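Single-letter residue listing:
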Amino acid sequence: MTRLVTFGCSHTYGHGLPDCIIDKTLPGLYPSKLAWPSLLATKLNYDLYNGAMPGMSNFAILDIIINFKLEPDDLVIVLWSYFERDMIFQKNGRRHHFRVGKSNTLFFKKVIDSWLDIHNETDIRMRSWYYMHHAHLYLKSAVKKYYFLHVNNETPFWDLQPNFGKEINFLPVYFGELLEKYPRAGDGKHGGVECHIEFANHLFEEITKPKMV
Amino acid sequence: MARLVTFGCSHTFGQYLPDIQDNHSVASKLAWPSLLANKLNLELDNQAIPGISNIGILESIIKYDFTKEDYAIVMWTYYDRDRIWDMDGKPHNYQFAHISKFSTKSKWLDVHNPIDTRIRSWFYIHHAKILFESKLDKFLMLLIHHDPEFNIHKPYFITDIDFPKIYFCDYIKILPKALDENHGGVNCHRYFALDLFTLIRNMK
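Residues numbered from 1 in each chain as written. Chains lettered and ligands numbered in written order. Predicted model: local features only at pLDDT ≥ 70, side-chain atom pairs only at ≥ 80, totals over all residues.

Asks: Describe the overall build of chain B, listing the residues and the values that go with them.
Replies: In terms of helices and strands, chain B carries eight helices and six strands. For chain B, the N- to C-terminal ordering of α and β elements is β-α-α-β-α-β-β-β-α-α-β-α-α-α. Its C-alpha atoms give chain B a radius of gyration of 17 Å, near enough to 17 Å, the size a compact globule of 204 residues would have. Summarising its shape, the C-alpha atoms of chain B cover approximately 50 × 40 × 35 Å along the three principal directions. (Helix = DSSP H or I, 4+ residues; strand = E, 2+ residues; numbered from the N terminus. Rg over C-alpha atoms; globule rule 2.2 N^0.38 Å.)

Okay, here's the thing in structure tokens:
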């Protein structure tokens, strides 16, 4: 059976949905069965592996993609995350994921403060273009079909598009737009049940519509 | 005529060799890419840029208009370099170990420790490798120096990248230096090109 393999952040994981929330704030231990990847896999009649993780940066998503064992028949969908996130490898090689401006320890507050002095919004967006291009080339060589999506249709990101970015196709479906349209999930931040249903429907239409020749 | 296309930093550019001295506009004809191209009987396009970082080298590779017959050689540079895009989108390359402003250097080191910079370089190398495989029949990637730590931190996804055990910095250590007393001198480039030629011939 063909497999749908999805990568992304909490919006792909289904953080906050009724089957994926702990103590009204934290994500559940496993991806939600009510999240768009699960709904889409059912519509397509595919198996599903949801490789999303809450809090992931675009660098971390690339890291997960290239470390994942894909099969040539897999259908891969990547919902890239927000740009103000990054990942650094600590001295012991472990990964540290963070959102700029948010830290829960003093040590990482220092890291993030220094990060802000060195990097900036343009820099992190440009780096995202490299991560996406890397994933694009990798998936092109590994599977027959893959699709990229953004959370938001963000002008500053498109303004920075390098020539090599034009090789990459993104589906014109934005999770962020539906977030505003429907009631939020149980944590009050992430997309609720209806948001995921409509997103899965849009994606299904985009993926299955006949292509112009 | 098929081309040899080389990418790298000042050590591939031939900075401070007698024919160009500190001129940054034209790569040296005494540098190893030029000597190697002559031996291989290939035209040369040396795309090296002095002071560039590994992400900068990757950018040069991505932007380059290859033809299938090109033979690409990349000599990756030091890991303690990075490229930061400013708010206007202009890229700046830095070698953080050599930054004189203490505050900037210490902030960079707060974020990017030596392990982080090495693992990031593995990502750039992997990215370049996939690109080469999709565009070229022949390419070769080299490391500038032997760094056991680099292999220790090789990510799991790197399964088929083995670098030849030929390191430009080894030649710099034992042979006379260039005019700045820092970069490789004429003989350093000459012997490196010779050994690289032998390596390539044996690979064939």
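Asks: So, the overall build of chain A: which residues are in play, and what are the values?
Replies: The number of helices and strands found in chain A is eight helices and eight strands. Over its C-alpha trace chain A gives a radius of gyration of 17 Å, about what one expects of a compact globule, namely 17 Å for 213 residues. Each principal axis of the C-alpha distribution contributes one length, and for chain A these read about 50 × 45 × 35 Å. Taking all 213 residues of chain A together, the buried fraction comes to 41%. Long-range contacts, defined as pairs at least 24 residues apart, comprise 65% of the intrachain contacts of chain A with a sequence gap of at least 6. (Buried ≥ 20, exposed ≤ 12 C-beta atoms within 10 Å, placed from the backbone. Contact = placed C-beta atoms within 7 Å.)

Asks: Give a description of the nonpolar core that names residues and reports values.
Replies: In terms of nonpolar packing, the biggest core is built from 96 residues, with Ile61, Ile65, Val78, Ala135 and Phe199 of chain A together with Val74 of chain B touching the most fellow members. Ranked by the residues each element gives to this core, the list is headed by helix α5 (residues 114–135) of chain B, at eight residues. If sequence neighbours within four positions are ignored, Ile65 of chain A has contacts with Phe7, Val78, Ala135 and Tyr138 of chain A. (Core = buried A, V, L, I, M, F, W, Y, C linked by C-beta atoms within 7 Å.)

Asks: Tell me about the packing of helix α2 (residues 32–40) of chain B against helix α8 (residues 186–203) of chain B, residues and numbers included.
Replies: Residue and element names in this part refer to chain B. In contact at an axis separation of 8 Å, α2 and α8 are set at 40° when each is read in the N-to-C sense. As the angle between them shows, α2 and α8 are arranged oblique. Two packed elements cross with a definite hand, and for α2 against α8 that hand is right-handed. In contact with Trp32, Leu35, Leu36, Lys39 and Leu40 of α2, α8 contributes His189, Arg190, Phe192, Ala193, Leu196 and Phe197. Classifying every residue of the contact of α2 with α8 by side-chain character gives eight nonpolar, one polar and two charged. (Axes fitted to C-alpha atoms, helices over the stretch in contact; angles between N-to-C directions. Parallel < 35°, antiparallel > 145°, perpendicular 65-115°, else oblique. Left-handed = near helix turned anticlockwise from the far one by under 90°. Nonpolar A, V, L, I, M, F, W, Y, C, P; charged D, E, K, R; others polar.)

Asks: Account for helix α3 (residues 54–63) of chain B, naming residues and giving values.
Replies: Burial of α3 of chain B is extensive: seven of the ten residues sit out of reach of the surface. Buried within α3 of chain B we find Asn54, Ile55, Gly56, Ile57, Leu58, Glu59 and Ile61 of chain B.

Asks: An account of the interface of chain B and chain A is needed here, citing residue identities and associated values.
Replies: The interface is formed by 25 residues belonging to chain B together with 25 residues belonging to chain A. Listed by contribution, the elements that provide at least two residues to the side of chain B that touches chain A are α3, β4 (81–85), α4 (102–111) and α5 of chain B. Considering each element in turn, the side of chain B that touches chain A owes the most residues, nine residues, to α5 of chain B. Of the residues contributing to the side of chain B that touches chain A, the split by class is 13 nonpolar, seven polar and five charged.

Asks: An account of unusual backbone geometry is requested, with residue identities and associated values reported.
Replies: Not every positive phi belongs to a glycine, and Asp23 of chain A is a case in point at roughly 55°. Of note, Asn41 of chain B is a non-glycine position whose phi angle comes to about 60°, a positive value.

Asks: Can you explain the sheet that holds strand β6 (residues 138–143) of chain B? Please cite residues and give values.
Replies: All names here are of chain B. One open sheet holds the four strands; their spatial order is β2-β1-β3-β6, and the pairing between them is parallel. Looking at which strands have only one partner, the edges of the open sheet turn out to be β2 (43–46) and β6. Each adjacent strand pair in this sheet contributes to an overall mean axis angle of 15°, direction not counted. Examined bridge by bridge, strand β1 (residues 3–7) and strand β3 (residues 71–76) share four bridges and lie parallel to one another. Note on β3: the bridge partner recorded for Val5 is Ala72. Where α3 meets the sheet, its contacts fall on β1 and β3, and the angle it forms with β3 comes to roughly 170°. Lying over the sheet, α5 contacts β3 and β6, oriented at roughly 180° with respect to β3. (Pairing = 2+ DSSP bridges.)

Asks: Could you give an account of the packing of α3 of chain B against α5 of chain B, naming the residues involved and the relevant values?
Replies: How two helices sit against one another is set out by the angle between their axes and by the gap between those axes. All names here are of chain B. At a closest axis distance of 9 Å, the pairing of α3 and α5 adopts a crossing angle of 10°. If you check the angle between α3 and α5, you find them roughly parallel. Every pair of crossing elements has a handedness; the one defined by α3 and α5 is left-handed. Residue-level inspection shows Asn54, Ile55, Leu58, Ile61 and Ile62 of α3 in contact with α5, the latter providing Ser121, Tyr124, His127, Ala128 and Leu131.

Asks: Run through the sheet that holds strand β1 (residues 3–8) of chain A, naming residues and quoting values.
Replies: All names here are of chain A. Here four strands make up an open sheet; going across it, the order is β4-β1-β5-β8 and the pairing parallel. Among the strands making up the open sheet, the edge pair consists of β4 (47–50) and β8 (145–149). Strand-to-strand twist in this sheet, taken as the mean axis angle between neighbours without regard to direction, amounts to 15°. Taken together, the four bridges between β1 and β4 define a ladder with parallel strand orientation. Within β4, the residue paired with Leu4 across the bridge is Leu48. Along the sheet, helix α2 (residues 36–44) makes contact with β1 and β4, crossing β4 at roughly 160°. Helix-sheet contacts for helix α3 (residues 58–67) involve β1 and β5 (75–79), and the interaxial angle to β1 is about 150°.

Asks: Go over the environment of Leu109 of chain B with me, naming the residues and quoting the values.
Replies: Among the secondary structure elements, Leu109 of chain B is positioned in helix α4. A count of 16 C-beta atoms within 10 Å places Leu109 of chain B in the partly exposed class.

Asks: Kindly report on the environment of Lys209 of chain A, identifying the contributing residues and their values.
Replies: Residues and elements named next belong to chain A. Tracing the chain through its elements places Lys209 in the segment after α8 (193–208). For Lys209, a count of 8 C-beta atoms within 10 Å gives the class exposed. Along the chain, Lys209 and His134 lie 75 residues apart, while their C-alpha atoms are 27 Å from each other.

So, to be careful, I would describe these as geometric facts and stop short of saying anything about function.
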